[in-house]
Amino acid sequence: MTTLNLMGAGRVGRTLASLWARHGVFEIQDVLTSSLTSAQEACTAIGAGTAVATIQGMRPADVWMVAVQDARIAEVAHALAATHASGSSRPIVFHCSGAQNSSSLQPLAELGWRTASAHCILSFSNVAAAVQQFAGTACALEGDASACETMRAAFESIGAQTFGVASEDKVLYHAAAVFATNFLPVLQSVAEAAWTRSGVPPELIPHLRATLLRNAADNITRQGPAGALTGPAARGDVAAIARQADVVQAWDAPSGDAYRALSTLALRLAGH
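None of these values were measured; they are calculated from a predicted model.

Student: I keep staring at the overall build of the protein chain and nothing clicks. Help me out?
Tutor: If you tally the helices and strands in the protein chain, you get eleven helices and eight strands. Taken along its principal axes, the extent of the C-alpha atoms in the protein chain is 65 × 40 × 35 Å. Restricting the contact set of the protein chain to residue pairs at least 6 apart, pairs at least 24 apart contribute 61%. As presented, the protein chain carries roughly 14000 Å² of accessible surface, and 56% of it is formed by carbon and sulfur atoms.

Written out as structure tokens, the structure is:
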């Protein structure tokens, strides 16, 4: 079976390794994290793998997954190049960042390794939930063609829907994912703070949160973004938008700036 070494075993690393182990896609071999204890905990959670204390202690593998924080990817690539220059024949190494492309792994590419990046558009806030929700997840692949082909098969084996992204478009692709997911909790937080400030009973806010978010998601799913748009922007009521923007600005300046910018985009979406 194809062997896989895991460097970094946070929520993304544990989720993918668990799925690949369960489906017999990869033999999870060595796992390296910030400490031997956390590596052992990761192996237990994954249900496979051998915890190692140092990068020097990792055995050669067919595939290496770098699932560390974005800021450490280049550092890990340099360390791996320095300690495993002569691994198996042209191994694959990929990282899981959405914001960086495979050039972060350049020190390994210079040694003949096949480099790639693979980013899954899924909330990994909880490993158990992510494992259950993974089937059907969209995953963007970028990098060396043969590496991407191998990873395409690996991801599709656990239910992913894969597609390619050009290296120069990787940052824009990830920014789109941020718009789609990361800003929603921020916007909800602002809404709840404004409701609280304006006198909405605290016990009513969870109901508003659940109802409005569920209805909005249902409407977007059924009708698309333009069809689901409501409110003053949908009507083209720029006077109402201006009044509300001034009030929000007086209450909280960053929220006011966000209200104006988002209203401009909403007007454009509505065709006004």
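Student: What is the right way to read the sheet that holds strand E7 (residues 138-143) from this model?
Tutor: The strands that make up a sheet are held in pairs by hydrogen bonds between backbone atoms, and each pair lies either parallel or antiparallel. The eight strands are arranged E3-E2-E1-E4-E5-E6-E7-E8 in an open sheet whose pairing can be described as mixed. Either end of the sheet is taken by a strand with one partner, and the two such strands are strand E3 (50-52) and strand E8 (161-164). On average, each strand axis in the sheet is tilted by 25 degrees relative to the strand beside it, whichever way the strands run. Bridge analysis of strand E1 (residues 3-7) against strand E4 (residues 63-66) gives four bridges, and the strand direction is parallel. When the bridges of E4 are listed, asparagine 5 appears paired with tryptophan 64.

Student: Sorry if this is basic, but what is going on with the nonpolar core here?
Tutor: Across soluble globular proteins, nonpolar side chains show a tendency to be buried alongside one another. The biggest cluster of nonpolar side chains holds 36 residues, and the ones touching the most others in it are Trp20, Met65, Phe94, Met151 and Phe155. The greatest single-element share of this core, amounting to five residues, is contributed by helix H6 (residues 145-156). Beyond its immediate sequence surroundings of up to four residues, phenylalanine 155 is in contact with Leu16, Trp20, Phe94, Ala118, Cys120, Phe134, Cys139, Leu141, Ala160 and Thr162. Counting 18 residues, the second largest nonpolar core, distinct from the first, contains Val52, Ala77, Leu80 and Val93.

Student: Any chance you could explain helix H11 (residues 253-270) here in plain terms?
Tutor: Since one α-helical turn is 3.6 residues long, residues separated by three or four positions face the same way. With 18 residues, H11 extends 26 Å between its outermost C-alpha atoms, agreeing within 8% with the 26 Å of an ideal straight helix rising 1.5 Å per residue. All of the buried residues along H11 are Ser255, Gly256, Ser263, Ala266 and Leu267. Down the axis of H11, the buried side of the element spans an arc of 105 degrees, and every buried residue falls inside it. Facing away from the buried side of H11 by over 90 degrees, the exposed positions are Pro254, Thr264 and Arg268. The inward-facing, buried residues of H11 contact helix H7 (170-197), helix H9 (232-235) and helix H10 (238-251). Count one or two residues on from H11 and you reach glycine 271, which has phi positive near 85 degrees.

Student: How do you make sense of a nonpolar patch on the surface when you look at a structure like this?
Tutor: Taken together, the side chains of Phe179, Phe183, Val186, Leu187, Leu262 and Leu265 present a nonpolar region at the surface, about 540 Å² in accessible area. Contributions of two or more residues to the nonpolar patch are made by H7 and H11. Among the elements that line the nonpolar patch, the one with the most residues is H7, at four residues. Mapped onto the elements, phenylalanine 183 comes out in helix H7.

Student: Could you clarify how one ought to interpret the pattern of salt bridges in this entry?
Tutor: Evaluated as defined, the whole model comprises five salt bridges. The shortest N-O distance in the salt bridge between arginine 72 and glutamate 75 comes to 3.3 Å. In this structure, the salt-bridge partner of arginine 260 is aspartate 246, at a minimum N-O distance of 2.9 Å. With a gap of 14 residues between them, arginine 260 in helix H11 and aspartate 246 in helix H10 connect regions that are remote in the sequence.

Student: Help me understand the packing of H10 against H11, please; the structure alone is not making it clear to me.
Tutor: To describe two helices that pack against each other, one gives the angle between their axes and the distance between the axes. As a packed pair, H10 and H11 sit with axes 6 Å apart at the nearest point and diverge in direction by 160 degrees. One way to sum up the angle between H10 and H11 is to call them roughly antiparallel. When you trace H10 past H11, the crossing you get is right-handed. Between H10, through Val238, Ile241, Gln244, Ala245, Asp246, Val248, Gln249 and Trp251, and H11, the contact on the second element is made entirely by Ala253, Ser255, Gly256, Asp257, Tyr259, Arg260, Ser263 and Leu267. Here the residues of the contact of H10 with H11 are counted per class, giving eight nonpolar, five polar and three charged.

How each quantity is defined
- Residues numbered from 1 in each chain as written.
- Predicted model: local features only at pLDDT ≥ 70, side-chain atom pairs only at ≥ 80, totals over all residues.
- Heavy atoms only, no water.
- Helix = DSSP H or I, 4+ residues; strand = E, 2+ residues; numbered from the N terminus.
- Contact = heavy atoms within 4.5 Å.
- Areas by Shrake-Rupley, 256 points an atom, 1.4 Å probe, with all protein chains shown as cover.
- Pairing = 2+ DSSP bridges.
- Axes fitted to C-alpha atoms, helices over the stretch in contact; angles between N-to-C directions.
- Core = buried A, V, L, I, M, F, W, Y, C linked by side-chain atoms within 4.5 Å.
- Buried < 20%, exposed > 50% of the residue type's maximum accessible area, 1.4 Å probe, protein only.
- Expected span 1.5 Å × (residues − 1).
- Arc of directions from axis to C-beta.
- Patch = residues over 30% accessible without salt bridge, like charges linked within 9 Å, V, L, I, M, F, W, Y side chains within 5 Å.
- Salt bridge = Lys/Arg side-chain N within 4 Å of Asp/Glu carboxyl O.
- Parallel < 35°, antiparallel > 145°, perpendicular 65-115°, else oblique.
- Left-handed = near helix turned anticlockwise from the far one by under 90°.
- Nonpolar A, V, L, I, M, F, W, Y, C, P; charged D, E, K, R; others polar.

None of the figures reported here should be taken as evidence of function without further support.
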